[in-house]
Amino acid sequence: MTKHSRRFKKVLNEVDVEKTYTLEEAAQILKSVPSVKFDQSVDISAKLSVDPRKAEQQVRGTVSLPKGTGKKIVLIVFAQGDLVKEAEEAGADYVGSQDLFDKVKGGWTDFDVVLASPDMMREVGKLGKVLGPRGLMPSPKAGTVTRDIATAVKEIKAGKIEYKVDKAAVINNQIGKLSFSAEDIVENANTLISAIIKAKPSAAKGQYIQSLFLTSTMGPGMRIDLQTLTTN
């Protein structure tokens, strides 16, 4: 028989697994459960009624969270010429061309986001085996292949995130930290949900968002009542 810690039992007592919650209720519960020694991430998980195997039912895009993510983003940029200085001045952590390419090809992956100027994509494309499995390959659709490197760097550092449906038709994203106020968590959640709704493929049938959960790293996962969403 599995034995649960005292903290885990307290967490379970906070949540009714048969109930659905509003985002506001779920955020308050996450903040009320016993704390741990680190600032936990707050995440959203949305199950969609799409078939990710079909190109016309892919759901992918970017959105700027108004309260940021609370996460320190390590961002690298593949660029050359004048764009190198622009990227560095905008706040990129690592900028380069062949030197950076060789470092990543050698297995270095201590970064969260990859940007590239269009002229670098022929070389960056060769890093597919390293970047692809981690979901880090730059793409024009996600705004990570661009000539406007400075703007892209600033937006990502300020809280712009990419969302993408996975093979199970689920979108999982961090939307903040447990140190955020409940109101800030809800505002970020609504912003992401609105973006996902706006990205609904015309080929999607039936109820688009089938289920939605809010959770924290060490906290409970709570099903959100879809009827209570205030997103547009």
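Residues numbered from 1 in each chain as written. Predicted model: local features only at pLDDT ≥ 70, side-chain atom pairs only at ≥ 80, totals over all residues. Heavy atoms only, no water.

Thoughts on the confidence of the model for the protein chain
Averaged over all residues, the pLDDT of the protein chain is 91; the fraction at 70 or higher stands at 93%. Highest mean pLDDT in the protein chain belongs to strand 3 (residues 75-78) (97); lowest belongs to helix 1 (residues 6-14) (61). (pLDDT = per-residue confidence, 0-100. Helix = DSSP H or I, 4+ residues; strand = E, 2+ residues; numbered from the N terminus.)

Quick notes on the pairing of strand 3
Of the two faces of strand 3, the one carrying Leu75 and Val77 and the one carrying Ile76 and Phe78 are both buried. Pairing between strand 3 and strand 5 (residues 113-116): four bridges, direction parallel. Paired with valine 77 across the strands is leucine 115, a residue of strand 5. Of the strand pairs in this sheet, strand 3 and strand 4 (residues 94-96) are connected by three bridges, and their pairing is parallel. Paired with isoleucine 76 across the strands is tyrosine 94, a residue of strand 4. Chirality of the crossover, the property in question, places the unit of strand 3, helix 3 (residues 82-90) and strand 4 among those that are right-handed. (Buried < 20%, exposed > 50% of the residue type's maximum accessible area, 1.4 Å probe, protein only. Pairing = 2+ DSSP bridges. Right-handed = clockwise from strand over helix to strand, strands pointing away.)

Section: the sheet that holds strand 5
One open sheet accounts for three strands, arranged 4-3-5; its pairing is parallel. Looking at which strands have only one partner, the edges of the open sheet turn out to be strand 4 and strand 5. In this sheet, neighbouring strand axes are inclined to one another by 15° on average, regardless of whether the strands run parallel or antiparallel. The strands touched by helix 4 (residues 98-105) within the sheet are strand 3 and strand 4, with strand 3 carrying the most contacts at an inclination of about 125°. In this fold helix 7 (residues 149-158) packs onto strand 3 and strand 5, with an angle of close to 165° to the strand it touches most, strand 5. (Axes fitted to C-alpha atoms, helices over the stretch in contact; angles between N-to-C directions. Contact = heavy atoms within 4.5 Å.)

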